[in-house]
Amino acid sequence: MAMVLFFNSDFKAHPWHYFLLYQAINILFLLNNVFLLRKVPWVHNVGCKYYPPIQVIFILIGEIVTISIFSFIAIIITCLARSTHKQTSEFVWTTFINESGWSSDGLLFLTGLINPNYMFGGLDGVLHLAEECSNAATAVPRALMTTVAIGFVSSFVFVVSMLYSLSNFDDVLGTITG
């Protein structure tokens, strides 16, 4: 909806528009799972034709991790370098703005933590691999805690750098996308 609002500022988005868009995305995923999922193994077959399967996995993981790390660093450096006005440390570390209409700041803070927790949904994959690894009693908890620590450190650095880069909070909230 933000792209529609960006290109057509006269458009008025209603809550039912967001609901219909959400349901359309759900239907696309349903159609993919019902009709296209059986065609996915061709990716595996193409990769295995040129490399042994384990090398394909390591190559892809290495490329994805490298792209993620460089993108993370580039976004942080670009935002900090290009922001014309940096926020004060008081704004970043002590200001809590509640524009939601809820009276409890604590409840609002805890509710706001729901969305970032979805990124840890992939931790379930570590548990499925527990029976495949040697010394699972120490390797699995170490993998879980390492994932959480890396996620916390990277998200903390990202949020702090974005808060310092934020030029004018009222202007950001005053846009048509809110």
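These remarks concern the structure in this document. (Residues numbered from 1 in each chain as written. Predicted model: local features only at pLDDT ≥ 70, side-chain atom pairs only at ≥ 80, totals over all residues. Heavy atoms only, no water.)

Attention now moves to a nonpolar patch on the surface. A contiguous nonpolar patch, built from Ile 27, Leu 28, Leu 30, Leu 31, Val 34, Phe 35 and Leu 36 and spanning about 660 Å² of accessible area, is present on the exposed surface. Along the polypeptide, Ile 27 turns up in helix 2 (residues 15–36). On the basis of relative accessibility, which here comes to 46%, the residue Ile 27 falls in the partly exposed class. (Patch = residues over 30% accessible without salt bridge, like charges linked within 9 Å, V, L, I, M, F, W, Y side chains within 5 Å. Areas by Shrake-Rupley, 256 points an atom, 1.4 Å probe, with all protein chains shown as cover. Salt bridge = Lys/Arg side-chain N within 4 Å of Asp/Glu carboxyl O. Helix = DSSP H or I, 4+ residues; strand = E, 2+ residues; numbered from the N terminus. Buried < 20%, exposed > 50% of the residue type's maximum accessible area, 1.4 Å probe, protein only.)

By the secondary structure assignment, Ser 83 is in the loop between helix 4 (53–82) and helix 5 (89–94). Its relative accessible area of 11% is what places Ser 83 among the buried residues. A distance of 2.8 Å separates the side chain of Ser 83 from the side chain of Lys 86, its partner in a polar contact. (Polar contact = N/O pair within 3.5 Å; in protein donor to acceptor, adjacent residues only side chain to side chain.)

Before going further, it helps to spend a moment on unusual backbone geometry. Phi is positive for Asn 135, which is not a glycine, with a value near 60°. Within the secondary structure, Asn 135 sits in the loop between helix 8 (123–128) and helix 9 (136–165).

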